[in-house]
Amino acid sequence: TMQSSGHRFRDVEHHPLLADNDTYDSSSSSSEADMADRVWFIRDGCGMVCAIMTWLLVVYADFVVTFVMLLPSKDFWYSVINGVLFNCLAVLALSSHLRTMLTDPGAVPKGNATKEYMDNLQLKPGEVIYKCPKCCSIKPERAHHCSICKRCIRKMDHHCPWVNNCVGEKNQRFFVLFTMYIALISAHALVLCGFQFFSCVRGQWTECSDFSPPVTVILMIFLCLEGFLFLTFTAVMFGTQIHSICNDETEIERLKSEKPTWERRLRWEGMKSVFGGQPSLLWINPFAGFRIRRLLLRGKKGGPEFSV
């Protein structure tokens, strides 16, 4: 953090020239001006591998649940209800994952700490501004620099390799939904595995699945291990995120024991600020705010991808 001589400026995050759109007048950084019109994507090898593994594990769980447990079942409505429920939760989980991964988490424009831009801020004597020496940007209050994204992120909570992105101001809602839906499908898969083992032990192993008994047992054991690990991890992460939102405190701020220099929101106000507006079904809908037409226009403007 660096202080500019002769000025003191603390409330950078709420300054009119540092609003949510993060645009600024600088001819040397014109590529940043249309940042919001492109899909966000981080080219990190570890993150991309983890993101692909997440999808493959969900697809594996869906395969075992559908083809090993539900389709061979003699109870038609048991198969239909559980099949529809599990697949709907899987779609919601993967959609939340995509939105978390492809949404700008709140990146501060890179390289905007220019003399021209600082002059435009019209700082008063005694105010202070903060500059990130790594990405050469004006650093708003509560922003932190991510070494993987190579950007300062507003209200950065942490960088999660499983979603190949930072969790920050603009995509925290999708990350919370991702952890919630993964926890739900993991619990659902464990319950189905319990019923399946019970029915197979009680009846004939050769009749409870279209696969051979050894293959069926191996597939279900792997699903149980996957379900237990994912349920534990995502349930803890979901609880941690809700706790952070209610306390208006990011994980980084908690670990660093940073004293709040901002006015903390009340618990309910924090939830509304992250999930948007009054409580409704839109809170748990990862498709809310998604516009296919706008996405197509983004592609015409300059490519479907914006990587940092």
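Residues numbered from 1 in each chain as written. Predicted model: local features only at pLDDT ≥ 70, side-chain atom pairs only at ≥ 80, totals over all residues. Heavy atoms only, no water.

*Asks:* Sorry if this is basic, but what is going on with the nonpolar core here?
*Replies:* Burial of nonpolar side chains together is a common tendency in soluble globular proteins. In this structure, Val65, Met69, Phe175, Ile182, Leu223 and Phe275 are the most contacted members of the largest nonpolar core, which totals 37 residues. Elements represented by at least two residues in this core include exactly helix 2 (45-70), helix 3 (76-102), helix 5 (172-202), helix 6 (213-246) and helix 8 (267-275). The element that contributes the greatest number of residues to this core is helix 5, accounting for 11 residues. Ignoring any residue separated from it by four or fewer positions in sequence, one finds Phe175 in contact with Thr100, His158, Cys160, Val163, Val167, Met237 and Gln241. In this structure, Ala107, Cys146, Cys149 and Met156 belong to the second largest nonpolar core, which totals 9 residues. (Core = buried A, V, L, I, M, F, W, Y, C linked by side-chain atoms within 4.5 Å. Buried < 20%, exposed > 50% of the residue type's maximum accessible area, 1.4 Å probe, protein only. Helix = DSSP H or I, 4+ residues; strand = E, 2+ residues; numbered from the N terminus. Contact = heavy atoms within 4.5 Å.)

*Asks:* Teacher, can you tell me more about the UniProt feature "transmembrane region" (unreviewed entry) in the protein here?
*Replies:* Those places that UniProt annotates as "transmembrane region" (unreviewed entry) correspond, in this numbering, to residues 45-70, 76-94, 174-197 and 217-238. Span residues 76-94 is 100% helix and 0% strand, its end C-alpha atoms 27 Å apart. (UniProt positions renumbered as here; feature names shortened; annotations may be inferred.)

*Asks:* Any chance you could explain the state of the cysteines here in plain terms?
*Replies:* Linking two cysteines covalently via their sulfur atoms produces the bond known as a disulfide. Counting across every chain of the model gives 0 disulfides. Considering cysteine sulfurs only, Cys132 is the nearest to Cys152, which forms no disulfide, with 3.5 Å between them. Note on Cys152: relative accessible area 0%, which makes it buried. (Disulfide = S-S within 2.5 Å.)

*Asks:* I tried to follow the pattern of salt bridges on my own but got confused; where do I start?
*Replies:* Pairs may arise between side chains of opposite charge once their charged atoms sit close together. This structure, assessed with the given rule, holds 5 salt bridges. One salt bridge connects Glu251 with Arg254, and the closest N-O pair in it is separated by 2.5 Å. Taken together, the residues span about one helical turn, with Glu251 and Arg254 both in helix 7 (residues 251-255) at a distance of 3 residues. Under the relative-accessibility criterion, Glu251 is labelled buried at 15%. Salt bridges sharing partners connect three or more residues here, namely Arg142, Lys155, Asp248 and Glu253. (Salt bridge = Lys/Arg side-chain N within 4 Å of Asp/Glu carboxyl O.)

*Asks:* Would you mind going over the environment of Glu141 with me for this structure?
*Replies:* Relative to the assigned elements, Glu141 resides in the loop between strand 3 (137-138) and strand 4 (144-146). Along the backbone, Glu141 and Arg154 are 13 residues apart, and their C-alpha atoms lie at a distance of 7.9 Å.

*Asks:* I tried to follow the packing of helix 2 against helix 5 on my own but got confused; where do I start?
*Replies:* A packed helix pair is summarised by two numbers, namely the angle formed by the two axes and the spacing between the axes. Put simply, helix 2 and helix 5 touch, their axes get as near as 11 Å, and they point 30° apart. Overall, the two elements helix 2 and helix 5 adopt an arrangement that is roughly parallel. The chirality of how helix 2 crosses helix 5 is left-handed. Residues Thr54, Val58, Val65, Val68 and Met69 of helix 2 pack against Phe178, Ile182, Ile185, Ala189, Leu192, Cys193 and Gln196 of helix 5. Within the contact of helix 2 with helix 5, the residues separate by chemical class into 10 nonpolar, 2 polar and no charged. (Axes fitted to C-alpha atoms, helices over the stretch in contact; angles between N-to-C directions. Parallel < 35°, antiparallel > 145°, perpendicular 65-115°, else oblique. Left-handed = near helix turned anticlockwise from the far one by under 90°. Nonpolar A, V, L, I, M, F, W, Y, C, P; charged D, E, K, R; others polar.)

*Asks:* Please clarify how the side chain of Asp157 should be interpreted in this entry.
*Replies:* With respect to the helices and strands, Asp157 occurs in the loop between strand 5 (151-153) and strand 6 (158-160). Of the buried charged residues, Asp157 lacks a salt bridge, with Arg254 as the closest side chain of opposite charge at 7.9 Å. At 2.9 Å, the side chain of Asp157 forms a polar contact with the backbone nitrogen of Glu251. Not counting chain neighbours up to four residues away, the residues in contact with Asp157 comprise Val167, Gln172, Gln241, Ser244, Thr250, Glu251 and Ile252. (Lys, Arg positive; Asp, Glu negative; His and termini not counted. Polar contact = N/O pair within 3.5 Å; in protein donor to acceptor, adjacent residues only side chain to side chain.)

*Asks:* I would appreciate a short explanation of helix 6 in the present structure.
*Replies:* Note that an α-helix has 3.6 residues per turn; residues three or four places apart therefore point the same way. Helix length check: helix 6, at 34 residues, gives a terminal C-alpha distance of 48 Å against a target of 50 Å (1.5 Å per residue), a fit within 8%. A positive backbone phi angle near 50° is found at Asp248, which sits one or two residues after helix 6. (Expected span 1.5 Å × (residues − 1).)

*Asks:* Mind showing me how you'd approach the packing of helix 6 against helix 8 here?
*Replies:* Where helix 6 meets helix 8, the closest approach of the two axes is 7 Å, and the angle between their N-to-C directions is 115°. Considering the angle they form, helix 6 stands roughly perpendicular to helix 8. Along its contact with helix 6, which presents Ile242, Ile245 and Cys246, the element helix 8 presents Arg267, Gly270, Met271, Val274 and Phe275.

*Asks:* Is there a simple way to think about the side chain of Ser244 in this case?
*Replies:* With respect to the helices and strands, the residue Ser244 is situated in helix 6. By relative accessible area, Ser244 is classed as buried at 6%. Excluding residues within four positions of it along the chain, Ser244 makes contact with Asp157, Glu249 and Glu251.

*Asks:* Could you clarify how one ought to interpret the confidence of the model for the protein in this entry?
*Replies:* It should be kept in mind that the predicted coordinates are not to be read in detail where pLDDT is low. Per-residue pLDDT for the protein has a mean of 80; in total, 79% of the residues score no lower than 70. Averaged over each element, pLDDT in the protein is lowest for helix 1 (residues 30-33) (41) and highest for helix 3 (96). Of the regions scoring below 50 in pLDDT, residues 298-308 engages in 29 contacts with residues more than four places distant in sequence or in other chains. (pLDDT = per-residue confidence, 0-100.)

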